[in-house]
Amino acid sequence: MAKPLMCPPEVLQRDLGGRRVIVTGANSGIGFVTAKQLAKQGASVTLACRREAEGQEKANEIRADVADADLEVRALDLGKLSSVREFADKYLADHESLHVLINNAGIMNTPKRKTVDGFESQIGVNHLGHFLLTELLLDTLKQSAPSRVVVVSSCYHDKAMG
C-alpha cells in the first residue's frame, strides 16, 4: 500500500494567530483533527457541524488539550441550501474576515435519498452545499487575502487520530 503524503513537520509549527478558519464537518474524522491542529497553532476556528451539540462536545475536547483555543461552533447542514445560506449570513454578520475555508464534510455510501432541495444526497452534500458555501463567502475570502479554499477528498478519515 502506498504511504500517505503528509505535510512537512514545520507546517504544523507555523503561528496562525490572527487567522480565521472555517472547517466543515469538524466534529469527526479529518475535520476534527484539522480543527484541533489549527487551534494548537493559534487560529480562530469555526467548527461548522450538522449536529451542533456534537460539535460543542468536540470543541470542549479540543479546549481540554488547547486551553487558549479560540473556537466557535455553528450549525451547518450542507444537505439544506437554506442552512448553508443561514450559516454564511450569520458568519458574515459576526466576522469581517475569513482566511481559510476547509470544505471537509461529506457523506458516502448512503442509502438512495434526496436532499430537502431535491438533489441526490451525496452530490447535494459533498458538492452543491460546499459550492454554495464557497460562493457566499468568496468576497470575504478575497478581502482577507492571502486566503484559500481547501477541498478535502479522502478515504483516510478512518486513520485520523484525535
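Shown above is the structure to which this text applies.
What you see is a predicted model; the values in this text were computed from it and never measured. (Residues numbered from 1 in each chain as written. Predicted model: local features only at pLDDT ≥ 70, side-chain atom pairs only at ≥ 80, totals over all residues. Heavy atoms only, no water.)

## Some words on the packing of aromatic side chains
Under the defined criterion, the tally for this structure stands at 1 aromatic pair. When the centroid spacing of 6.5 Å and the interplanar angle of 15° are considered together, the rings of F87 and Y91 count as stacked. One end of the pair is F87 and the other is Y91, both in helix α3 (residues 81-94) and 4 residues apart, which spans about a single turn. No difference in accessibility class separates F87 from Y91, as the two residues are buried. The positively charged end of K58 is found above the aromatic ring belonging to F32, 4.8 Å away from the centroid. (Phe/Tyr/Trp six-rings, centres within 6.5 Å; stacked < 30°, edge-to-face > 60°. Helix = DSSP H or I, 4+ residues; strand = E, 2+ residues; numbered from the N terminus. Buried < 20%, exposed > 50% of the residue type's maximum accessible area, 1.4 Å probe, protein only. Lys NZ or Arg CZ within 6 Å of the ring centre and 35° of its normal.)

## Thoughts on helix α2 (residues 52-65)
The terminal C-alpha atoms of α2, which comprises 14 residues, lie 20 Å apart, in line with the 20 Å expected from a rise of 1.5 Å per residue. Turning to α2, its buried residues number three or more, namely G55, A59 and I62. Down the axis of α2, the buried side of the element spans an arc of 60°, and every buried residue falls inside it. Seen from the buried face of α2, the exposed residues on the opposite side, beyond 90 degrees, are A53, E57 and A64. Elements that come into contact with the buried residues of α2 comprise α1 (29-40), β2 (44-49) and β3 (70-75). (Expected span 1.5 Å × (residues − 1). Arc of directions from axis to C-beta. Contact = heavy atoms within 4.5 Å.)

## Comments concerning the sheet that holds strand β4 (residues 100-103)
Strand order in the open sheet made by the 5 strands is β3-β2-β1-β4-β5, with parallel pairing throughout. Because the sheet does not close on itself, it has two edges, and the strands there are β3 and β5 (148-151). Direction aside, the axes of adjacent strands within the sheet are offset by 15° on average. Bridge analysis of β4 against β5 gives 4 bridges, and the strand direction is parallel. Note on β5: the bridge partner recorded for V100 is R148. The strands touched by α3 are β1 (20-24), β2 and β3; relative to β3, the strand with the most contacts, the crossing angle is about 145°. (Pairing = 2+ DSSP bridges. Axes fitted to C-alpha atoms, helices over the stretch in contact; angles between N-to-C directions.)

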